[in-house]
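Structural features, examined
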Amino acid sequence: MGGNLHISQLNKEEDIGIYQCLASNSLGTIVSREASLHIAYMENFKTQRRSPVRVREGQGVVLLCGPPPHSGELTFTWIFNEYPSFVIQDTRRFVSQKTGNLYIAKVEPSDVGNYTCVVTNTVTKSSVQGPLTPLVLRVDGVMGEYEPKIEVQFPEVVPVAKSSTVKLECFALGNPVPTISWRRQDGASFGRKVDINKASGVLEIPYFQLEDAGIYECVAENTRGRNSAKGKLSFYAAPHLTEKPQDVQKTIDDMLVWECKASAKPKPSYRWLKNGEPLDSMEHDRVQVNNGVLTISSLNLADIGMYQCVAENKHGRIFTNAELRVVAIAPDFSQNLLKAQTLARQGGDVLIECRPRMSPRGVISWRKGKEALRESHRVTVLDNGSLRISNVTKMDAGIYTCVARNQFGVASSAGSLLVKEPTAITSPAGHLDVTVGESIVLPCQVSHDPTLDLKFTWFFNEQLIHFGSHWAFFEKIGGRSAGDIMIRNIQLRHAGKYTCAVQTKVDSVSIATDVVVRGPPGPPVDCQVTAMTETTASVSWGPGMDNHSPILSYTIQARTPFSLGWQAVTTAPELLGGKQLSSTVNELSPWVEYEFRVLATNSIGTGEPSKPSKKSRTKEMLPRVTPGRVNGGGGGRSELVITWEPVPEELQSGPGFGYVVAFRPLGAQGWMQAAVTSPDASRYVFKNDSIPPFSPYQVKVGVYNNKGEGPFSPVTTIYSAEEEPSRAPGRLRARSVSASEVEVTWRPLAWSNNRRRILGYELQYWGERQKQDTASVIRTVGNQTSVLIRDLEGSSTYYMSLRAYNSAGVGPQSIIVNVTTKKPPPSQAPLKIMWNTSNSKVILRWDQVHALENESEVTGYKVMYSQDKHSHPSVVETNTTSLELSLPVNQDYVIQIKPFSEGGEGSSSQITIPKIAGSIAKGAAPESSPYSLVNLAALIITVRTVL
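Please read all numbers here as calculations on a predicted model, not as lab measurements.

As a further point, take the overall build of the protein chain. Helix and strand counts for the protein chain come out as zero helices and 89 strands. A globule of 947 residues ought to have a C-alpha radius of gyration of about 30 Å, yet the protein chain, at 60 Å, is considerably larger. Considered along the principal axes of its C-alpha atoms, the protein chain spans approximately 150 × 120 × 80 Å. Burial statistics for the protein chain: of 947 residues in total, 41% are counted as buried. Put simply, of all contacts in the protein chain between residues at least 6 apart along the chain, 64% involve residues at least 24 apart. Within the structure as shown, the protein chain displays about 51,400 Å² of accessible surface, and the carbon and sulfur contribution to it stands at 49%. When the 98 basic and 90 acidic side-chain charges of the protein chain are each reduced to a single mean position, those positions are 2 Å apart.

Following the UniProt record, one finds the feature "domain: Ig-like" (unreviewed entry) at residues 43-133, 148-234, 239-325, 331-418 and 422-510. Structurally, residues 43-133 is divided into 0% helix and 40% strand, and its ends, taken at the C-alpha atoms, are 19 Å apart. Taken end to end, residues 331-418 is 0% helix and 52% strand, and its two terminal C-alpha atoms sit 27 Å from one another.

In this section: the environment of I913. With respect to the secondary-structure elements, I913 resides in strand β85 (residues 908-913). Judged by relative accessible area, which is 4%, I913 ranks as buried. With 20 residues separating them in the primary sequence, I913 and Y893 have C-alpha atoms 5.2 Å apart. Every residue in contact with I913, bar those within four places of it in the chain, is listed here: W835, V842, Q891, D892, Y893 and I895.

Pairing in this open sheet of three strands is antiparallel, and the strands run β17-β21-β20 from one edge to the other. The sheet is open, and its two borders are formed by β17 (166-169) and β20 (195-197), each paired with just one other strand. Averaged over all neighbouring strand pairs, the angle between strand axes comes to 15 degrees, with direction disregarded.

Burial of nonpolar side chains together is a common tendency in soluble globular proteins. Judged by nonpolar contacts, the single largest core of 22 residues is most densely connected at L442, C444, W458, Y498, V502 and V515. Breaking this core down by element, the ones donating at least two residues are β45 (440-442), β47 (455-460), β50 (485-487), β51 (496-503) and β52 (508-518). Residues L168, F208, A229 and A237 belong to the second largest nonpolar core, which totals 21 residues.

Below, the discussion takes up the UniProt feature "domain: Fibronectin type-III" (unreviewed entry) in the protein chain. UniProt records the feature "domain: Fibronectin type-III" (unreviewed entry) at residues 523-621, 626-723, 728-824 and 826-919, using the numbering of this structure. Annotated as residues 523-621, this span is 0% helix and 47% strand, and its ends, taken at the C-alpha atoms, are 34 Å apart. Strand forms 50% of residues 626-723 and helix 0%; the C-alpha atoms that close the span are 32 Å apart.

Looking along the chain, the bond that leaves K265 and enters P266 is cis, with omega of 0 degrees. The omega angle of the peptide bond from A572 to P573 is 0 degrees, so this bond is cis rather than trans. You can see P573 is positioned in the loop between β57 (570-572) and β58 (576-577). Phi angles above zero are rare outside glycine, and K832 is one such case at about 50 degrees. When you line up the elements, K832 lands in the loop between β77 (817-820) and β78 (833-838). With a relative accessible area of 39%, K832 lands in the partly exposed category.

Once that is clear, we can look at the sheet that holds β47. In spatial order, the strands read β44-β52-β51-β47-β48; together these five strands make up an open sheet with mixed pairing. Where the open sheet ends on each side, the last strands, each with one partner, are β44 (430-435) and β48 (463-464). Pairing of β47 with β48, which is carried by two bridges, proceeds in the antiparallel orientation. When the sheet's bridge partners are listed, F460 is paired in β48 with Q463.

Before going further, it helps to examine the state of the cysteines. In this structure the tally under the stated criterion is five disulfides. Between the sulfur atoms of C260 and its disulfide partner C309 the distance amounts to 2.1 Å. Disulfide C260-C309: torsion about the S-S bond near -85 degrees, hence left-handed. In this pair, C260 is assigned in the loop between β25 (256-259) and β26 (261-265) and C309 in strand β31 (residues 305-313), connecting sequence segments 49 residues apart. Per residue, the accessibility class of C260 equals that of C309, and both read buried. In the protein chain, the bonded cysteines, numbered by position in the sequence, are linked as 1-2, 3-4, 5-6, 7-8, 9-10. Not part of a disulfide, C21 finds its nearest cysteine sulfur in C309, a span of 19 Å.

What follows concerns a nonpolar patch on the surface. A contiguous nonpolar surface patch, about 280 Å² in accessible area, is contributed by L5, I7 and L10. Looking at where L10 falls in the secondary structure, it is placed in the segment before β1 (17-19). For L10, a relative accessible area of 46% puts it in the partly exposed group.

Moving on, we get to the side chain of T560. Note that T560 resides in the loop between β55 (551-559) and β56 (567-568). Once residues lying within four places of it in the same chain are set aside, the contact partners of T560 are V592, E593 and Y594.

With that settled, the discussion passes to the environment of N705. Relative to the helices and strands, N705 resides in strand β67 (residues 696-705). Of the residues examined, N705 reaches a relative accessible area of 5% and is grouped as buried. Separated by 549 residues in the primary sequence, N705 and E156 have C-alpha atoms spaced 87 Å apart. Contacts of N705, omitting those with residues within four sequence positions, involve M621, L622, P623, Q652, S653, G654, P655, G656 and F657. For N705, the side chain forms a polar contact with the main-chain oxygen of M621, separated by 2.8 Å.

What follows is about the confidence of the model for the protein chain. Per-residue pLDDT for the protein chain averages 88, and the proportion of residues at 70 or more is 95%. Taken element by element, the predicted model of the protein chain shows its lowest mean pLDDT in strand β88 (residues 939-940) (31) and its highest in strand β60 (residues 593-602) (97). Low pLDDT (under 50) marks residues 926-947, which in the prediction has 48 contacts with non-local residues, meaning those over four places away or in another chain.

With that settled, the discussion passes to the packing of aromatic side chains. Any pair of aromatic rings gets described here by the distance separating the centres and the angle formed by the planes. Counting across every chain of the model gives 22 aromatic pairs. Taking the centre distance of 4.8 Å and the plane angle of 25 degrees together, the rings of F694 and Y719 count as stacked. Residue F694 is located in the loop between β66 (683-687) and β67, and its partner Y719 is located in strand β69 (residues 716-719); the two are separated by 25 residues in the primary sequence. By relative accessible area, which is 18% here, F694 ends up buried.

Looking now at the pairing of β60. Counting buried positions along β60 yields nine of 10 residues, so the element is predominantly enclosed. Relative to β60, β55 runs antiparallel, the two sharing eight bridges. Directly across from A558, in β60, lies its bridge partner F596.

This part covers the pattern of salt bridges. Side chains that carry opposite charge are capable of pairing whenever their charged atoms lie near each other. Scanning all chains against the criterion turns up 38 salt bridges. R629 serves as the salt-bridge partner of E645, at 3.3 Å between the closest nitrogen and oxygen. Taken together, the residues E645 in strand β63 (residues 639-645) and R629 in strand β62 (residues 628-632) connect sequence positions 16 residues apart. Judged by its relative accessible area of 67%, R629 is exposed. Beyond isolated ion pairs, a larger network of salt bridges with shared partners links E34, R271, E312 and R317.

Mapped onto the fold, V87 is located in the loop between β9 (74-80) and β10 (93-95). Here V87 falls in the buried class, since its relative accessible area comes to 15%. Each C-alpha atom of the pair V87 and L102 lies 9.0 Å from the other, and the pair is 15 residues apart in sequence. Apart from residues lying up to four places away in sequence, V87 is in contact with W78, F80, R93, L102 and Y115.

Turning to its location among the elements, R378 is positioned in the loop between β38 (371-372) and β39 (379-381). A distance of 3.2 Å separates a polar side-chain atom of R378 from the backbone oxygen of N391. Once residues within four sequence positions are removed from consideration, R378 is found in contact with R388, I389, S390, N391, V392, T393 and D396.

Criteria and cut-off values
- Residues numbered from 1 in each chain as written.
- Predicted model: local features only at pLDDT ≥ 70, side-chain atom pairs only at ≥ 80, totals over all residues.
- Heavy atoms only, no water.
- Helix = DSSP H or I, 4+ residues; strand = E, 2+ residues; numbered from the N terminus.
- Rg over C-alpha atoms; globule rule 2.2 N^0.38 Å.
- Buried < 20%, exposed > 50% of the residue type's maximum accessible area, 1.4 Å probe, protein only.
- Contact = heavy atoms within 4.5 Å.
- Areas by Shrake-Rupley, 256 points an atom, 1.4 Å probe, with all protein chains shown as cover.
- Lys, Arg positive; Asp, Glu negative; His and termini not counted.
- Charge placed at Lys NZ, Arg CZ, Asp CG, Glu CD.
- UniProt positions renumbered as here; feature names shortened; annotations may be inferred.
- Pairing = 2+ DSSP bridges.
- Axes fitted to C-alpha atoms, helices over the stretch in contact; angles between N-to-C directions.
- Core = buried A, V, L, I, M, F, W, Y, C linked by side-chain atoms within 4.5 Å.
- Disulfide = S-S within 2.5 Å.
- Patch = residues over 30% accessible without salt bridge, like charges linked within 9 Å, V, L, I, M, F, W, Y side chains within 5 Å.
- Salt bridge = Lys/Arg side-chain N within 4 Å of Asp/Glu carboxyl O.
- Polar contact = N/O pair within 3.5 Å; in protein donor to acceptor, adjacent residues only side chain to side chain.
- pLDDT = per-residue confidence, 0-100.
- Phe/Tyr/Trp six-rings, centres within 6.5 Å; stacked < 30°, edge-to-face > 60°.

Put into structure tokens, the structure is as follows:
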């Protein structure tokens, strides 16, 4: 049905066997691979009861299953006494899935009973039970111990297919119960995929591969002895095609070679079928089959058909098929006309192809124009019919015709040959020697046939140059017949071979230029420290690339955790020549970790530095640097405070660094000393009730480390802590100067005595809605006896107190006084400012300013005038509302008018008087507008309120 085979009502006697499908059409016949048909079944056991099996306790026993006739894979289990009590397999009991038998290595009284073998067909899923087998203990004694006897073992040779799963069974009888172990004879270990079920005596190897093949041994042991069984697992694989023939079309009299290859173990044999029938080498001279290779010479139409290669071994076979067509046709150029126009270079070679379609292969001849073309040492017709002309000349130009003939007909095709002038590069090959940063031109000038277009291509070290963003250094500067390029700002990486390739439709030529780029040296290599002392380091290095300019000198730089980057160092010798590859670095700090690097210099410049050396530390020594700015003073009662600037870590010369503080009263002979162990310490406080206040002491600070003590700083004189001021300042007075300022005065205390000094005074002030602990503070320095407090609120009451201070603290507080600030000045600025000029005079008039109820009365006006608002103004005061100023009229003036009172200065009005061309002018600033046009001069008056 549609190529499929359907069999109904299967009969196991008639229908089992090997089947193949044959497929045929007008081109031939092929056969399918073989299919084997098996019919699974299982009959019933013939006998219904078996005789009892009698054994002694401790003896081994085998209960036979004897499965009935069947087809298909079986599995076996045993029932003990009655269903569903099944025999559980362990080291003593084993059910073989090969034979179905039940093996008991050592019988115990609990084993007595009836046993039934249950057989299941894995294909039909049906099960049948065998006859009952009673197991009975004999009464004539107990079986003694004996060595293992292997009853279940695998064949000596077990063939295993690739990627399949193999199971080996091994079980032994014995007393005591034997233990089963497995090993490979070659000693190789089992992979993780191998499953060893010691309880059931089964070795399972899934996904079997070639490396799993070998001899396997099962060993059964107990205290009475050991026994073993061996078997070889041999790897096999059915054929798998690695090379197969393809459909092909050949011409008459041609030769066919088809190769068929397959991998298999053991190696496969090959046979060929034609249209489903075996292909015999009947025509020994024409048809040959050799180890899978089919060769047919002098093909004819009878060879047309479907061919199949069969590769087989004892484990399987595989088919592959291909079609052979043999054609016979007259010459035909319709698919492969001669090229209409072929270009050739004068002096070169040219090939004109002639590839007509024809079968069998016939005769090909050529014409030039109307004359038959004669072959010569220059003109040759190749075996495939194409025409080759060597050392082409102008005389070779013309129309060429290819003529093809066989027994079925004749055909021709024509095309013209054009001979062109050769292309030549006129720029000489060269060698350029340049310096980093220069710009150079690489020439590529050519002569060529004017009818041909040129294509210039540049290569750098055989790599194509793509002009553009990624090759920004390169620029094309040649014209139509020149391919010159410029390299701008050339770098070391641009050194190498540059090739200009010129191509036309008929030929191609190239020229190479070697460019050497000289530049600063490359970084020196292998910079390392070979020795260190307290203040020196021995440094060595290797030379780097000289970049085509000899190295003239080297420079060494150093870096520490305390330096700002890399610093030049002093070396011995001081100047390091180009051949010098080691040096001693001097004037280093003891006990400091250094890194060094080396830079090389040539006539071009200084190159990149070497990689830093490994960090190395100079040796420790006695400290040499003393603390700076030793001073002191201040502190609390009965204290002597000594201060200094700590010695930086890089100058401490070793671990365990600290300070020795020495001090004595001025004029005393012996020194008192104290050790300060912290290297970061900057002060020491000596406290003793016997220290008189404000007494002179001589002090010095020395240094030490684990190596010992270093020098002391120079001796300086300081004073012990003084006492706080003991009295409060007297006659504290406060006077309101304006609405925002108050002047405070007092009578000073004695400036100093032998117990204390007065360094200044601390004034506290606060408003009536504040508390004293939130008061503002003003501190004076020296013997000052007054302070002006600013930025206060008008018409407000403030409270003040005063006390003296020195380095020990503040003294007692004075009495508290209060003061009320004056009323604020008028907030209204002058209005209706009028002015006029006459020769060099300016006359100003304005309205009287009236103070508000909470403001102080106006006592006068300040008039300020300047040439611009940025220059310092001149000031004139008046108690009237007019003023006459003597000013040149040929300049611009800015004038401000503000009222003042006892509360201070009020708001101002500002006007600008422009330069006047005439001798008389006047103007006004009206109250309603800040701007006005005045008379014919159209003067602009700007009025601005300034608070």
